[in-house]
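# Structural features, examined
Here's the letter readout for the chains.
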Amino acid sequence: QKEVEQNSGPLSVPEGAIASLNCTYSDRVSQSFFWYRQYSGKSPELIMSIYSNGDKEDGRFTAQLNKASQYVSLLIRDSQPSDSATYLCAVNPHDMRFGAGTRLTVKP
Amino acid sequence: DTAVSQTPKYLVTQMGNDKSIKCEQNLGHDTMYWYKQDSKKFLKIMFSYNNKELIINETVPNRFSPKSPDKAHLNLHINSLELGDSAVYFCASSQGESAFFGQGTRLTVV
């Protein structure tokens, strides 16, 4: 089993829709969870971090964490074409482990 | 001011050569990483250093040797380069929480 798994993409949504990205992790001692966005040819940049169960909202982004289910998700409301990128889930039990990423395309 | 900087940004070299990639961070972080991102975009951890000490050494060929002269620098030396080493290599640093990435080094072995 991979340490961090993300729902297979690519994911395509129309502009204005909600994009839902999912991630599961295997190490139960993980305490820190992150979502990174990576544009083509660029380095990953942090967009959300979450440490406790529940929802965390930041603008159009909402991260959801369920430690019992070892599940973390990212919702992007009112998706924009500029949100088109690869989204990487990262988990930090002792160091930073990444999922394979989900490529999101938002169509105008 | 660039927080995490890597050089060079692009590196094209022939099989069998030896090359180095340098990384420096000015964030005062204790932990630095090297990641390899392949053509499928999977970001795989290679090494982790904490305050100049090697913490993690994933299953990486011993042709790859990291060196940390101080906690602000983590360099990666690769011996006898192979075609399969072609990828983007990212340096990152963290202070216990999220990681900040350099701009990446695109290595192409021909």
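Summary of the structure given here. All values reported here derive from a predicted model rather than from experimental measurement.

## Overview of the overall build of chain B
Looking only at helices and strands, one finds 0 helices and 11 strands in chain B. Put simply, chain B runs from its N terminus to its C terminus through helices and strands in the order β-β-β-β-β-β-β-β-β-β-β. The C-alpha radius of gyration computed for chain B amounts to 13 Å, which stays within 12% of the reference 13 Å derived for 110 residues, consistent with globular compactness. Once the C-alpha set of chain B is aligned to its principal axes, its extents read approximately 35 × 25 × 25 Å. For chain B, with 110 residues in total, the buried portion stands at 44%. For chain B, contacts bridging at least 24 residues in sequence account for 53% of all contacts bridging at least 6. Within the structure as shown, chain B displays about 5500 Å² of accessible surface, and the carbon and sulfur contribution to it stands at 48%.

## Some details on the packing of aromatic side chains
Tallied over the full model, the rule gives 10 aromatic pairs over all chains. Centre to centre, the rings of F98 of chain A and Y35 of chain B are 5.4 Å apart; their planes meet at 90°, and the pair counts as edge-to-face. With F98 of chain A in strand β10 (residues 97-98) and Y35 of chain B in strand β4 (residues 31-37), this residue pair bridges two chains. Given a relative accessible area of 4%, F98 of chain A falls into the buried group. Owing to a relative accessible area of 0%, Y35 of chain B belongs among the buried residues under this scheme. Here the aromatic rings of Y35 of chain B and F101 of chain B are separated by 5.6 Å at their centres, their planes lie at 45°, and the arrangement is tilted. Within this pair, whereas Y35 of chain B is found in strand β4, its partner F101 of chain B is found in strand β10 (residues 99-101), the two being separated by 66 residues in sequence. The exposure class of F101 of chain B is buried, given its relative accessible area of 10%. In textbook terms, an aromatic cluster arises when at least three aromatic residues are bridged by ring pairs, as seen for Y36 and F98 of chain A together with Y33, Y35, F90 and F101 of chain B.

## Re the nonpolar core
By size, the foremost hydrophobic cluster in this structure holds 23 residues, and its most contacted members are W35, V72, L74, I76 and Y87 of chain A. Looking at this core, the elements with two or more residues in it are β3 (19-25), β4 (32-38), β5 (45-50), β7 (61-66), β8 (71-76), β9 (85-92) and β11 (102-107) of chain A.

## As for the pattern of salt bridges
The final tally for this structure, using the stated rule, is 7 salt bridges over all chains. Note that R60 of chain A and D83 of chain A form a salt bridge whose closest N and O atoms lie 2.8 Å from each other. One end of the pair, R60 of chain A, is in the loop between β6 (54-58) and β7; the other, D83 of chain A, is in the loop between β8 and β9, with 23 residues separating them in the sequence. The salt bridge partner of E82 of chain B is R63 of chain B, with a shortest N-O separation of 3.5 Å. Pair noted here: E82 of chain B is in the loop between β8 (73-78) and β9 (87-94) and R63 of chain B is in the loop between β6 (53-57) and β7 (64-70), with a separation of 19 residues, a long-range link. For E82 of chain B, a relative accessible area of 41% gives the class partly exposed. Linked through salt bridges whose partners overlap, the residues forming this network are R63, E82 and D85 of chain B.

## Focus on the sheet that holds strand β3 (residues 19-25) of chain B
Residue and element names in this part refer to chain B. If you trace the 4 strands from one edge of the open sheet to the other, you get β1-β3-β8-β7, paired in antiparallel fashion. In this open sheet, the two strands that pair with only one neighbour each are β1 (4-7) and β7. Strand after strand, the sheet turns through a mean of 20° between neighbouring axes, direction not considered. In the sheet, β3 pairs with β8 via 4 bridges, with the strands oriented antiparallel. Residue K19 lies in a different strand from β8, and its bridge partner there is I78.

Thresholds applied
Residues numbered from 1 in each chain as written. Chains lettered and ligands numbered in written order. Predicted model: local features only at pLDDT ≥ 70, side-chain atom pairs only at ≥ 80, totals over all residues. Heavy atoms only, no water. Helix = DSSP H or I, 4+ residues; strand = E, 2+ residues; numbered from the N terminus. Rg over C-alpha atoms; globule rule 2.2 N^0.38 Å. Buried < 20%, exposed > 50% of the residue type's maximum accessible area, 1.4 Å probe, protein only. Contact = heavy atoms within 4.5 Å. Areas by Shrake-Rupley, 256 points an atom, 1.4 Å probe, with all protein chains shown as cover. Phe/Tyr/Trp six-rings, centres within 6.5 Å; stacked < 30°, edge-to-face > 60°. Core = buried A, V, L, I, M, F, W, Y, C linked by side-chain atoms within 4.5 Å. Salt bridge = Lys/Arg side-chain N within 4 Å of Asp/Glu carboxyl O. Pairing = 2+ DSSP bridges. Axes fitted to C-alpha atoms, helices over the stretch in contact; angles between N-to-C directions.

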